[in-house]
Amino acid sequence: MAGGLAKSVDTRTSAFMDTPVIFDRKAVRRHRDRAARRLDGIMPVLDITADLLLDRLDDMVRSFSAVLDIGGRGAISSRLGARGIATTSMDLSSSLVTRSEGMRVCADAEWLPFAPHSFDLVIANLSLHWVNDLPGVFAQIRHVLRPDGLFLASMPILPTLRPLRTALEAAELAVCDGVSPRVSPFPTQQSCAQLMQRAGFALPVIDTECLDLRYRSLSALMADLRAAGETNALTQRTRTIPPRMMFPAAAAELEKQGADSFAMPLHMAVLSGWAPAPTQPVPLQPGQFQHSLHDALNPQEPTA
């Protein structure tokens, strides 16, 4: 029923599979539940990334009738609605998915509860980097796409949050005997391309975008991360309260840039790929070319 909230599968992990459990999915859900109350503070960033992603659709002549939005936090479904495209929105958090329009499903992206060939477009805007089994999720997305359906996603990639990681590690080493994992690992652009190829997407394209974000204080950065549901959910995270002097020391490390603010750019990979279909163009095999590269690069002058 349109506009309703459907409860689907509960949060599960990949513990019974061969996939390492890097992220605590229950913690990810709790963080996203809390973020639902604070999301307005970071909506400008989500709006920009949604526009960057959906600009790819404006360059296409085909239309889409059945769309799945994974973790769009309302930014994707509203823009698709303005284009007249009905959308099914899905999120791990029942509180966060209510910010989306149209059909809403509370489910875990690690276990997509949809039949094969249910959608002709799947979009994931900054929502898949907390997944343990990314190759498996990409394969599931291709499975729920119809032949010649489009997968469009953005993912934070390295070196996102590297200055924060460096500052926290330096501060913790200064006041403690060791370092605890506090910042999520991110993929690289190359690993995103490998994921698309491994999942079997046709005609994959990987672009990069960068948002130049700046903060006046470490507390402002941490507030934005909490508002986005992006705080530490690593399974190996420490459960103890950080030392009192750790965060002032980390703030001092970040402020060494010497200005009244420090840079914390968001580096993103923008991924697009198609579910295979017989109608798609395929590259020619060796020996099938009709014209040589030499002739193309060295055209002969017309004779008088």
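What comes next is a walk through the structure. All values reported here derive from a predicted model rather than from experimental measurement. (Residues numbered from 1 in each chain as written. Predicted model: local features only at pLDDT ≥ 70, side-chain atom pairs only at ≥ 80, totals over all residues. Heavy atoms only, no water.)

## Concerning the overall build of the chain
Piece 1. Within the chain, the secondary structure is distributed over ten helices and ten strands.
Piece 2. Out of the 304 residues in the chain, the part that is buried amounts to 48%.
Piece 3. Here the chain displays about 15500 Å² of accessible surface, and carbon together with sulfur accounts for 55% of that area. (Helix = DSSP H or I, 4+ residues; strand = E, 2+ residues; numbered from the N terminus. Buried < 20%, exposed > 50% of the residue type's maximum accessible area, 1.4 Å probe, protein only. Areas by Shrake-Rupley, 256 points an atom, 1.4 Å probe, with all protein chains shown as cover.)

## Digging into the packing of aromatic side chains
Piece 1. Per the stated rule, a full pass over the model turns up five aromatic pairs.
Piece 2. Between F23 and W130, the aromatic rings sit 5.2 Å apart at their centres with planes inclined by 80°, giving edge-to-face as the arrangement. Here F23 is found in the loop between β1 (5-7) and α1 (25-35), whereas its partner W130 is found in the loop between β5 (119-125) and α5 (134-144), with 107 residues between them in sequence. No difference in accessibility class separates F23 from W130, as the two residues are buried.
Piece 3. With a centroid separation of 5.3 Å and 25° between ring planes, the pair formed by F151 and F201 is classed as stacked. (Phe/Tyr/Trp six-rings, centres within 6.5 Å; stacked < 30°, edge-to-face > 60°.)

## Thoughts on empty space enclosed by the protein
Piece 1. Throughout the structure, instances matching the rule amount to one cavity of 30 Å³ or more.
Piece 2. Within this model, the largest cavity holds a volume of roughly 110 Å³.
Piece 3. Lining the largest cavity, in full, are R25, V28, R32, I70, G71, M90, D91, L92, A107, A109, S127 and W130.
Piece 4. When residues in the lining of the largest cavity are grouped by element, the largest group, three residues, is from α1.
Piece 5. Residues that form the lining of the largest cavity fall into these classes: seven nonpolar, two polar and three charged. (1 Å grid on protein atoms, 1.4 Å probe; cavity = no way out; pocket = protein on both sides within 12 Å on 5 of 7 lines; lining within 4 Å. Points joined across faces, edges and corners; volume = space filled by probe spheres on them. Nonpolar A, V, L, I, M, F, W, Y, C, P; charged D, E, K, R; others polar.)

## Description of the nonpolar core
Piece 1. The biggest cluster of nonpolar side chains holds 33 residues, and the ones touching the most others in it are I70, M90, V122, L128, F138, I141 and F151.
Piece 2. Elements represented by at least two residues in this core include exactly β2 (67-70), β5, α5, β6 (145-156), α7 (189-199) and β10 (266-274).
Piece 3. With five residues, α5 is the largest single contributor of residues to this core.
Piece 4. Setting aside residues no more than four positions away along its own chain, I70 makes contact with M90, A109, L112, V122, I123, A124, N125, S127, L128 and I141.
Piece 5. Residues A50, L57, F64 and L80 belong to the second largest nonpolar core, which totals 24 residues. (Core = buried A, V, L, I, M, F, W, Y, C linked by side-chain atoms within 4.5 Å. Contact = heavy atoms within 4.5 Å.)

## Here we look at the layout of surface pockets
Piece 1. Taken as a whole, the largest pocket spans an internal volume of roughly 830 Å³.
Piece 2. Around the largest pocket sit 36 residues that line it, and L225, R226, E230, T231 and N232 are the ones nearest its centre.
Piece 3. Broken down by secondary-structure element, the contributors of at least two residues to the lining of the largest pocket are α2 (43-58), α6 (162-175) and α8 (218-227).
Piece 4. Tallied by class, residues from the lining of the largest pocket come to 22 nonpolar, seven polar and seven charged.
Piece 5. In this structure, the second largest pocket encloses a volume near 240 Å³.
Piece 6. Around the second largest pocket, the lining is made up of 15 residues, and of these I22, V131, N132, L134 and P135 lie nearest the centre.
Piece 7. With three residues, α5 is the largest single contributor of residues to the lining of the second largest pocket.
Piece 8. Residues that form the lining of the second largest pocket fall into these classes: nine nonpolar, four polar and two charged.

## Focus: helix α9 (residues 246-254)
Piece 1. Along α9, the positions that sit buried rather than exposed are M246, A250, A251 and L254. Seen along its axis, α9 keeps its buried residues to an arc of 135°; they face one direction. (Arc of directions from axis to C-beta.)

## Some words on the pairing of β5
Piece 1. Counted residue by residue, β5 has seven buried out of seven residues, so it is predominantly covered.
Piece 2. As paired elements, β2 and β5 share four bridges and run parallel to each other. The residue of β5 that forms the bridge with I70 is A124.
Piece 3. As judged from the six bridges shared by β5 and β6, these two strands associate in the parallel manner. Across the sheet, residue L121 finds its bridge partner in β6, namely L150.
Piece 4. Taking the sense of rotation as the criterion, the β-α-β connection linking β5, α5 and β6 turns out right-handed. (Pairing = 2+ DSSP bridges. Right-handed = clockwise from strand over helix to strand, strands pointing away.)

## Examining the pairing of β10
Piece 1. Where burial is concerned, most of β10 is hidden: eight out of the nine residues are buried.
Piece 2. Sheet analysis places β6 next to β10, joined by seven bridges and oriented antiparallel. From the neighbouring strand, S154 faces β10, where its bridge partner is V270.
Piece 3. As paired strands, strand β7 (residues 202-211) and β10 are joined by eight bridges and run antiparallel to one another. Counted as the bridge partner of A202 is W274 from β10.

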